[in-house]
Amino acid sequence: MDITALSVIEVNKLISDRKLSAVDLVKAQLEMIKQREASYHCYITILEEDALEQAKEVQKRIDSGELKDTLLAGIPMAVKDNICTKGVKTTCASKMLSNFTPTYDATVIEKLKNAGAILLGKTNMDEFAMGSTSETSYYGATKNPWNVDHVSGGSSGGSAAVVAAQEAYFALGTDTGGSIRQPSAYCGVTGLKPTYGTVSRYGLITYASSLDQIGPIGRSIGDCAAVMEAISGHDPKDSTSIDRKNIRYLQALKEDIKGMRIGIPKAYLERGLQKEVKDSILNTIKILTEKGAIVEEFDLGIMDQAVPAYYVIASAEASSNLSRFDGVKYGYRTPNFESLQDLYKKSRSEGFGTEVKRRLMIGAFALSSGNYEEYYKKALKIRSLIYQIFQKAFEKYDLILSPVSSRTAPKFGESLSDPLKMYSSDIYTVSVNLAGLPAVSLPCGRDKNGLPIGVQLIGKHFGEEDLIRAAHRLEQAIGDLRYTTHGKEA
Amino acid sequence: MIITEETIQVLANMVNIEVTEKEKKQLTEDLKQIVGSMETMNQVDTEGVEPMSHVLPIKNVFREDVVRNGDDREQLLKNAPQKKDGSFVVPKTIE
């Protein structure tokens, strides 16, 4: 049996029945990383000795009975490299932070460690989470485990690929405009973007504070639910964290979807979808109907302007957030400078990559006097409209179903050359962030070349239980499209 | 809005970035396109719509004014590119 192919829930049973130790599990996982990492490049940093040390400590806690109520005891995980990990380099895939080692753990890391999860390493991503392919990483792109000529998606490309390639059981990603959902779709795994405010952002190196949210990527919705149980909840260290009684993520797996109302924005199926993507989406609609859901098309209203509004808002927030990188307190400092101003400028010019610079300038443009009303404020008003449109739709529906992306994973170099084309591919995902809604991306088919296709379910605010319920039913009906990347090697 | 190489230079100064002549040309082309697409926002009637900077009601979080973190000066300075006598080093800023 290849234990690295199991789900979190399956392997947890082996651990709690004492059929497998945390140390042996980590060893098996490190062996798999050794075999595959050179082909896919999912990680920026891999912990070996340290992961084994953690496993020994966790095994002691398991033996003492301390961890019997958590599904994550002894489970090896990977974390996107924009989430701070104490004593472990956190680079944001940027030269700017290539030598940065946080002195504290992000709240999510603290929570996962308490639950007994073991940190294997930090995953590759687009630099500062800006990109849709993971090609803007300073450390080179992550390859799609289904076909290495194709991208893994982005920005959490490493986190999605690591789960598909069996180089970790689950991973944390972050989603500002689709960065958990789109790579999950491209890599054939399941990703959940929680409602804004559900998961603490303390210790996340921010891109756009009003849109960013941390969430799990796993081999099944059940695994994502298990991670959500551990990472969600109010955190006094994050002023945008919501004080709210916890949602019963795992319980939702047991419930059926009879009578659930699901809406499909009509225009979403009409625009240029790759044929196999459309067919797979239609198939999921059929399944959901068979399972007792009431599925119908409806007119969602303006959505075309979600993409420009998103890029204005995200870039504006980024240009403010990234002003902290100045080569003084931490991060890259240029070796040659004359004055303080010169030090700032040269450190930033040498430390940031092209896409980051581009977005900083877009942000500065939208915020500058003379442009503020026409671009930034206009975008905020459109955000308001999008929020209202979704609120209205959720008076009628429990969930909204849509594609994640119009196509399967592109080949390397296809998207990066044309920024506008790259941005417009985010049409199905960005509006969810603008409205702060939860959404899940899960596998629903493959195209003729064998590349995975994902479907997106969008829930109302704090509607994660509905999402998990429907995703679980779909997953069971669609069958094992999951983590079978390496069927041919098994 | 017309984007020229001068616009790019102004923006670069605002975000404290140096751009080469070649980068400036490329960024001018990129921003022309991107700003053009942003202008499609004008097709949406937003008369009377309140701008929304945050989706959930946010209020300031207060806590008792007591020190809770320890003295982690050494830890924090570990990431500093240059340090001296427990402080960050920067070039001289006044004559």
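Being a predicted model, the structure only gives us computed values, none of them experimental. (Residues numbered from 1 in each chain as written. Chains lettered and ligands numbered in written order. Predicted model: local features only at pLDDT ≥ 70, side-chain atom pairs only at ≥ 80, totals over all residues.)

## Quick word on unusual backbone geometry
Residues and elements named next belong to chain A. Here G154 and S155 are connected by a cis peptide whose omega angle stands at 5 degrees. Along the chain, S155 turns up in the loop between β3 (118-123) and α5 (157-164). Unusually for a residue other than glycine, H41 sits at a positive phi of about 55 degrees. Within the secondary structure, H41 sits in the loop between α2 (22-40) and β1 (43-46). (Helix = DSSP H or I, 4+ residues; strand = E, 2+ residues; numbered from the N terminus.)

## Structural notes on the interface of chain B and chain A
Each partner contributes to the interface: chain B provides 42 residues, whereas chain A provides 53 residues. Taken together, the elements giving at least two residues each to the side of chain B that touches chain A come down to α1 (5-14), α2 (21-38) and α3 (73-77) of chain B. No other element matches α2 of chain B, which puts 8 residues into the side of chain B that touches chain A. For the side of chain B that touches chain A, a count of residues per class yields 25 nonpolar, 13 polar and 4 charged. (Contact = placed C-beta atoms within 7 Å. Nonpolar A, V, L, I, M, F, W, Y, C, P; charged D, E, K, R; others polar.)

## Some words on the environment of A477 of chain A
Residues and elements named next belong to chain A. Turning to its location among the elements, A477 is positioned in helix α16 (residues 464-478). The exposure class assigned to A477 is partly exposed, which follows from the 14 C-beta atoms found within 10 Å. Among all residues touching A477, those that are not within four sequence positions of it are I287 and K291. (Buried ≥ 20, exposed ≤ 12 C-beta atoms within 10 Å, placed from the backbone.)

## A look at helix α13 (residues 372-396) of chain A
Here α13 of chain A contains 25 residues, and its C-alpha end-to-end distance of 36 Å stays within 8% of the 36 Å for a straight helix at 1.5 Å per residue. When the local axis directions of α13 of chain A are compared, the greatest deviation, roughly 30 degrees, occurs at K378 of chain A. (Expected span 1.5 Å × (residues − 1). Bend = angle between axes of the 7 residues up to and from the residue.)

## Observations concerning the sheet that holds strand β7 (residues 261-265) of chain A
Residue and element names in this part refer to chain A. In spatial order, the strands read β1-β3-β2-β4-β6-β5-β10-β11-β9-β7-β8; together these 11 strands make up an open sheet with mixed pairing. In this open sheet, the two strands that pair with only one neighbour each are β1 and β8 (294-298). Taken over all neighbouring pairs, the strand axes of this sheet differ in orientation by 30 degrees on average, direction set aside. In the sheet, strand β5 (residues 190-193) pairs with strand β6 (residues 213-218) via 2 bridges, with the strands oriented antiparallel. Its bridge partner lying in β6, T190 is registered against G218. Packed on one face of the sheet, helix α9 (residues 275-290) meets β7, β8, β9 (399-403), β10 (439-446) and β11 (452-459) and runs near 110 degrees to β10. (Pairing = 2+ DSSP bridges. Axes fitted to C-alpha atoms, helices over the stretch in contact; angles between N-to-C directions.)

## Describing the packing of α9 of chain A against α16 of chain A
All names here are of chain A. Orientation of α9 relative to α16, taken along the N-to-C sense of each, is 105 degrees, at an axis distance of 10 Å. Looking at the two axes, α9 sits roughly perpendicular to α16. Of the residues in α16, those in contact with T284, I287 and L288 of α9 are A470, L474, A477 and I478. Here the residues of the contact of α9 with α16 are counted per class, giving 6 nonpolar, 1 polar and no charged. (Parallel < 35°, antiparallel > 145°, perpendicular 65-115°, else oblique.)

## Details of α5 of chain A
Of all 8 residues that make up α5 of chain A, 8 are buried, and the element is covered over most of its length. Just past α5 of chain A, the residue Q166 of chain A takes up positive phi, approximately 60 degrees.

## Observations regarding the nonpolar core
All names here are of chain A. In terms of nonpolar packing, the biggest core is built from 170 residues, with L72, M77, I118, A171, V312, M361 and L399 touching the most fellow members. A total of 10 residues in this core trace back to one element, the largest contributor, which is helix α10 (residues 306-321). Not counting chain neighbours up to four residues away, the residues in contact with I118 comprise A22, V26, A51, Q54, A55, V58, G74, I75, P76 and M77. (Core = buried A, V, L, I, M, F, W, Y, C linked by C-beta atoms within 7 Å.)

## Structural notes on the environment of C84 of chain A
Residue and element names in this part refer to chain A. Relative to the assigned elements, C84 resides in the loop between β2 (76-80) and α4 (107-114). Taking the C-alpha atoms as reference points, C84 and F100, separated by 16 residues in sequence, lie 9.7 Å from one another. Every residue in contact with C84, bar those within four places of it in the chain, is listed here: T90, P102, Y104, D105, A106, G203 and I205.

## Some thoughts on the packing of α1 of chain B against α2 of chain B
Residues and elements named next belong to chain B. Running from N to C, α1 and α2 point in directions that differ by 100 degrees, and their axes come no closer than 9 Å. Put simply, α1 runs roughly perpendicular to α2. Mapping the contact onto sequence places E5, I8 and Q9 in α1 and K24, L27, T28 and L31 in α2. Each residue belonging to the contact of α1 with α2 can be placed in one class, and the counts come to 3 nonpolar, 2 polar and 2 charged.

## Structural notes on the environment of K377 of chain A
Turning to its location among the elements, K377 of chain A is positioned in helix α13. In the structure, K377 of chain A is positioned 11 residues away from A366 of chain A in sequence and 8.8 Å away in space, judged by C-alpha atoms. The contact partners of K377 of chain A, leaving out residues within four places of it in the chain, are Y372 of chain A together with P51 of chain B.

## Observations concerning the confidence of the model for chain B
Confidence in the prediction for chain B averages 91 pLDDT; 100% of positions are at 70 or higher. For this predicted complex, the interface confidence score (ipTM) comes to 0.95, while the overall pTM stands at 0.96. (pLDDT = per-residue confidence, 0-100.)

## Quick notes on the pairing of β5 of chain A
The side chains of a regular strand alternate between the sheet's two faces. All names here are of chain A. Neither face of β5 is left uncovered, since the one carrying T190 and L192 and the one carrying G191 and K193 both have all their residues buried. As judged from the 3 bridges shared by β5 and β10, these two strands associate in the antiparallel manner. Across the sheet, the residue bridging to K193 is A439, located in β10.

## So, the pairing of β9 of chain A
Residue and element names in this part refer to chain A. When you tally the buried positions in β9, you get 5 out of 5 residues, the bulk of the element. As judged from the 2 bridges shared by β7 and β9, these two strands associate in the parallel manner. Across the sheet, the residue bridging to G263 is I400, located in β9. Strand direction decides the pairing type here: β9 and β11, joined by 5 bridges, are antiparallel. The partner of S402 across the bridge, within β11, is Q456.

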